[in-house]
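Report on the structure
The residues making up each chain are set out below.
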Amino acid sequence: MSINSLLETGRTALNAQKLALEVTGENITNVNTTGYSRQTTILETAPTTLERGFPLGSGVKVAAVQRSYDGFLQTQIMGQNATYGQGKTSNSALQRVQQLFNEFTTDGLGVSLQNFFKSWQDLTVNPQGAPERQAVLSQGQQLVDNFHRINSNLNDVKSDMNKSLEGQVSDINDTLNQIATLNLQIKQIEVQSGPANEMRDKRDLLLRQLSQKVGISFVEQPDGMVDVSLTSGQSLVVGKDAAALSLLPNAANSGFYDILLTPPGGGPAVNATAFIGGPGNTQGEIGGALLVRDTMVNNYLSELDELASTLASEVNGLHSAGYGLTAASTGLDFFTPPAAVAGYSGQGGIGVNIAAISDVAAADADPTVNGTGNNKNAQSIASVYDKFLAMSAGNVTLEGFYDSLVGKVGVGVQNAGRAESQSDGILKQLNNMRESASGVSLDEELANLIKYQKAYEGAAKLINVGSEMLDTVINLVK
Amino acid sequence: MRVTQNTTANLVLNNLQVIRERQEQLQQQSSTGAKISAPGDDPVNTQQILHLKSLTAAGEQYARNITNGTSLLTMADSAMAGMGDVLSRAKEIAVAMSNDTNNANSRTAAVNELQQLKNQIITLGNTQLNGKYIFGGFKNDTPPFDAAGNFTGTNDDINIEIERGTFLPVNYAGDKLVNGGTPAGSSGTDIIKIFDNLVTALNAGSTSAVQAELPNLDSAMSQVLAARSDVGARMNRLDGSSQVNDNTKLSLTKILSNIQDVDYMQVISDLSKQQTAYQAAIAASAKISQVTLLDYLR
């Protein structure tokens, strides 16, 4: 065995340990980088040769720089992220809705309804009294104002959700483009040399961030590129091509956006609103926004409309049959008659139809004939509050219907809050597991640092010895 | 399982946040005094609470109605008492005039007084409360009795709701009280007619006619008495309702408080537990984060 091969062996050791040190250095400096997976240097013996009849290895070489990556965890995290994103978005919207129906902190629609019927009760005791009549009109106006306020705030929640789609769609488009670019780069690098660890980390991080916005699944191709698609199957990224999302106002849905998906590589845009949020709009922040905008708030609005129109129809029916203080003040509706139930609780719908206090129909027969002290109609209208009416919740009173609406909002908020905190908990757990599998432990890296440093010293010593031996040999012959 | 720096840091942060969240919840409860501050906290109890609140509000309204009704009935009662006094005086005069020991002067004096008494009955029949004539039925913005004692009001009941679905009339028909029904005298004694008859009899000097009115005066007085006891019975009913209302309000308040109010002892003790836990967690985290391998490498 020549001295040169000794020096050669030392050299391979120096190179290998130096590389290992660099990898350890990379790990240490990236201990706080989001989405970084630690890399390990795999060393193996260099090929053996026959030296004087004995097979002997020729040093050490770096087999690979391996990245700790758990594909199964990645899939799980992505799935949970989608649920979390949806829960977070719908919970924050529902908190806003809850404030509108919170009878505990302010006097809301429920108290307003009570006060309206209380004013009719006061009228029964003094039907000709001007202050009592004025009170009926004012309470009616307050009730109407409350309906309008809740209706317009609910519509605000819807349009805010709609607006948030703009930001989300542009974020998603951005991310898809980045993933496609990374796909190409990874493929090019891996064709020439080893695995592109940092880029794969970056791509995985992008995938996890994307999964919070929209529910996705991915498949890795043999050439290192990743194909991303929606959970319902439509492609978002194929190789180096990314799909593009766009928004189009839909006149059939009050001008709210429809989401269009242009497939990767071009092609006709498809209306993705029905499936982009996952089944039943349960995935991703987009799913949450669409669920709130198109389903949840609409349910509450339609119940509000039903309450308003049932109230108005009942009161109007009795009121128009009654008489005010003059013979001519009959046949008048107290509230604007509902043309349709949908949207009745809003600005263009319910309103107080009477301006003069003498038109408030407290009497059930012509007062100029039978006396203006007639309070029978006021009595019947006051009793509407306790009357069981056939509504969509069954035979309930107006107050019972409103209470059940508040209860529904409460249940919705409770469920959304629970879903969010539950998926948050699971997500934290999964992230911990990912951290445990792929995270950098400073203690471990520092120990490795010492290990490779000592090996480097050892290899340097070997070269030293080899060089001294060479000196000795050269000086053998003067 | 590998534990990295990030794992420890995340764990620390997480635990501190959980404790802070519980603390905040407890602080909210202790400052508002209510377990439930939003429908989402407890949807089932929310509905119950709202229903109880509406029952309480209804009770308040019934109390108002009862107060208003009581003042109307009290007024009616005092007017009827006045009428009773008038009728007693009229009877005295009639008894005095029913024998032949009176001369023309005393008869004239009696006639004058009887006419004044008749006007008194009419004035009492036109008693007002807050500008409303209480014996006029639905036509209560004009005096129900005209100068001759004819009734121009209606005999409708003015009902008020004193409990859910329970109505009580708070007026008494003037014609039934004074005129004995409509047409006059059809269902009782026409008091005005009695006075008219007495005056006519005295002017004609007929003591037998005066004597004939004596039993009518008796039945007139019992008519007014009957009306008074009817009104009195209604007032008792209102009283009873008012008491029931008050008791109901008390019970509702108690039930509401049971469901909604916070047990301060529990909250304060939980709060101090959380504060202790927080301090312990912070101290432990500080200890964990301090020592690494770096400290021991030269």
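Since we're looking at a predicted model, the values are computed, not measured. (Residues numbered from 1 in each chain as written. Chains lettered and ligands numbered in written order. Predicted model: local features only at pLDDT ≥ 70, side-chain atom pairs only at ≥ 80, totals over all residues.)

Turning next to the overall build of chain A. Assigned secondary structure in chain A consists of ten helices and 13 strands. In terms of overall size, chain A is more extended than a compact globule, its C-alpha atoms giving a radius of gyration of 38 Å where 478 residues would be expected to give roughly 23 Å. Along the longest, intermediate and shortest principal axes, the C-alpha atoms of chain A span 150 × 45 × 30 Å. Taken across its 478 residues, chain A has 42% of its residues classed as buried. For chain A, the share of sequence-separated contacts (at least 6 apart) that also reach a separation of at least 24 residues comes to 66%. (Helix = DSSP H or I, 4+ residues; strand = E, 2+ residues; numbered from the N terminus. Rg over C-alpha atoms; globule rule 2.2 N^0.38 Å. Buried ≥ 20, exposed ≤ 12 C-beta atoms within 10 Å, placed from the backbone. Contact = placed C-beta atoms within 7 Å.)

With that out of the way, let us pick up the sheet that holds strand β11 (residues 270–271) of chain A. All names here are of chain A. Reading across the sheet, the three strands line up as β9-β10-β11 and stay open at both edges, with antiparallel pairing between neighbours. The open sheet has two edge strands, β9 (244–250) and β11, and neither has a second partner. Pairing of strand β10 (residues 256–262) with β11 involves two bridges; the strand directions are antiparallel. Residue pairing in the sheet places Leu-261 in a bridge with Val-270 of β11. (Pairing = 2+ DSSP bridges.)

Attention now moves to the sheet that holds strand β6 (residues 226–230) of chain A. Residue and element names in this part refer to chain A. Pairing is antiparallel in the open sheet, where four strands are placed in the order β5-β6-β7-β8. The sheet terminates laterally at β5 (216–220) and β8 (241–242), the two strands that pair on one side only. Sheet topology note: the β6/strand β7 (residues 235–238) ladder contains two bridges and is antiparallel. Of the residues in β7, the one forming a bridge with Val-228 is Val-237.

The next point concerns the domain arrangement of chain A. For interface size, the figure often reported is the accessible area lost on association. All names here are of chain A. Here chain A is described as being made up of domain 1 (3–68 + 448–473), domain 2 (73–97 + 164–296) and domain 3 (113–155 + 298–415). The C-alpha-based centres of domain 2 and domain 3 are spaced at 49 Å. Contact with domain 2, which involves six residues of that partner, is made by seven residues of domain 3. Elements with a minimum of two residues in the side of domain 2 that touches domain 3: α2 (71–100) and α6 (284–321). Of the residues assigned to the side of domain 2 that touches domain 3, the class counts are three nonpolar, two polar and one charged. (Domains from an automatic or database assignment. Nonpolar A, V, L, I, M, F, W, Y, C, P; charged D, E, K, R; others polar.)

Here we take up the interface of chain A and chain B. Counting residues at the interface gives 46 residues for chain A and 45 residues for chain B. The set of elements that each furnish at least two residues to the side of chain A that touches chain B consists of α3 (109–125), α8 (376–383), α9 (398–438) and α10 (442–474) of chain A.

On to the packing of helix α1 (residues 5–32) of chain B against helix α7 (residues 264–290) of chain B, then. Helix-helix packing: each pair is described by the crossing angle between the helix axes and the interaxial distance. Residues and elements named next belong to chain B. The interhelical angle for the contact between α1 and α7, taken along N-to-C directions, is 160°, at an axis separation of 9 Å. Here α1 is positioned roughly antiparallel relative to α7, judged by the angle of their axes. Pair α1 / α7 crosses with left-handed handedness. (Axes fitted to C-alpha atoms, helices over the stretch in contact; angles between N-to-C directions. Parallel < 35°, antiparallel > 145°, perpendicular 65-115°, else oblique. Left-handed = near helix turned anticlockwise from the far one by under 90°.)

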